[in-house]
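Next come the chains, spelled out residue by residue.
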Amino acid sequence: MSDHSPALRETVRQRYAAAAVQVTEGGTACCGPKAIEIDDNFGSTLYAADEREVLPAEAVAASLGCGNPTAVADLHEGERVLDLGSGGGIDVLLSARRVGATGRAYGLDMTEEMLALALENRTKAGATNVEFLKGTIEAIPLPANTIDVVISNCVINLSTDKPSVFAEMFRVLAPGGRIGISDVVADDALSPAQRAERGDYVGCIAGALSFAEYREGLASAGFTDIELTPTHAVADGMHSAIVRAVKDRVMDPTGVVKPAPEDAHCGCQA
């Protein structure tokens, strides 16, 4: 279900570092940054025009996802949101607008170049309720039970240790918390070898789980109310999909819902 290859992770990091540099260098040109072109199944075109217009051009240009998780996460005022693999910050900045001044939006990325770009975009957007963290999605640098919603946009398929990602999402979510993720998912009939034939790992194809594997991974981590809904095809037998699941509230023997542990700030500095 996973490949723990450090070399593969480094390949992914280099690809996204190069993408960040491309956007940053493009932003110094006369005509501004140009979107990183993959194909119509990935990127900023999956966001509504009114969403793109309120963000820095560099945040929009750096979008490499397969969907729009902020459109399916049902964010509310005052919630704490964590974006796994936040890149140039497009989903973090959109989330920050939705949760408002009483909420908080965190972005987590392992790539220095993307984090630098995201911090610039935060400043340009004037977002005061945003924090970007350096780290991997397999070891999230936040305390347990401190996040209300985890989002991610076509990043979990890139992980070389997906069970750890699912376990970490469950750990950081407060009781009653939820995930709203866009990811590439394969038909159950496709073997790992067949998925690799349809695209490479850094292209978000070869590392994708099947629908059954995704459900099993989330359930094994403790999630309930798991839903996977395909939205559009990205290759033969491969789909961009919306993934939803819930961390149940803790119940005591009397059936009373226990409150979540007192919130603790991560202490991380952007």
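Here we summarise the structure given alongside this text. (Residues numbered from 1 in each chain as written. Predicted model: local features only at pLDDT ≥ 70, side-chain atom pairs only at ≥ 80, totals over all residues. Heavy atoms only, no water.)

**Observations regarding the packing of aromatic side chains**
Piece 1. Inspection of every chain in the model, using the stated rule, returns 2 aromatic pairs.
Piece 2. Between the aromatic rings of Phe-166 and Tyr-214, the centroid separation amounts to 5.4 Å while the plane-to-plane angle is 45°, which identifies the pairing as tilted. Of this pair, Phe-166 sits in helix 6 (residues 162–172) while Tyr-214 is found in helix 8 (residues 211–221), placing the two residues 48 residues apart along the sequence. Each member of the pair, Phe-166 as well as Tyr-214, is classed as buried.
Piece 3. Look at Phe-170 and Phe-223: their rings are 5.2 Å apart centre to centre, the planes differ by 90°, and that puts the pair in the edge-to-face class. One end of the pair, Phe-170, is in helix 6; the other, Phe-223, is in the loop between helix 8 and strand 7 (224–235), with 53 residues separating them in the sequence.
Piece 4. A cation sits over an aromatic face here: Arg-104 above Tyr-106, 5.9 Å from the ring centre.
Piece 5. Looking at Lys-247, its charged tip hangs above the ring of Phe-170, at a distance of 4.8 Å from the centre. (Phe/Tyr/Trp six-rings, centres within 6.5 Å; stacked < 30°, edge-to-face > 60°. Helix = DSSP H or I, 4+ residues; strand = E, 2+ residues; numbered from the N terminus. Buried < 20%, exposed > 50% of the residue type's maximum accessible area, 1.4 Å probe, protein only. Lys NZ or Arg CZ within 6 Å of the ring centre and 35° of its normal.)

**Thoughts on the nonpolar core**
Considering soluble globular proteins, one finds that nonpolar side chains tend to be buried as a cluster.
Piece 1. Counting residues in each nonpolar core, the largest one holds 30 residues, and the members touching the most others are Leu-82, Leu-84, Val-150, Met-169, Ile-179, Tyr-214 and Leu-218.
Piece 2. At the level of elements, strand 1 (80–84), strand 2 (104–109), strand 4 (147–153), helix 6, strand 5 (173–186), helix 8 and strand 8 (238–246) are the ones that each hand at least two residues to this core.
Piece 3. Residues in contact with Leu-84, not counting those within four places in the same chain, are Leu-108, Ile-137, Ile-140, Val-150, Ile-151, Ser-152, Asn-153, Val-155, Val-165 and Met-169.
Piece 4. If you look at the next biggest cluster of nonpolar residues, it comprises 8 residues, including Val-92, Leu-93, Val-130 and Phe-132. (Core = buried A, V, L, I, M, F, W, Y, C linked by side-chain atoms within 4.5 Å. Contact = heavy atoms within 4.5 Å.)

**Brief notes about helix 6**
Piece 1. Listed in full, the buried residues belonging to helix 6 are Lys-162, Val-165, Phe-166, Glu-168, Met-169 and Val-172. The arc enclosing the buried residues of helix 6, seen along the axis, measures out at 165°, which places them on a common side.
Piece 2. Buried residues in helix 6 make contact with strand 1, strand 4, strand 5, strand 6 (209–210) and helix 8. (Arc of directions from axis to C-beta.)

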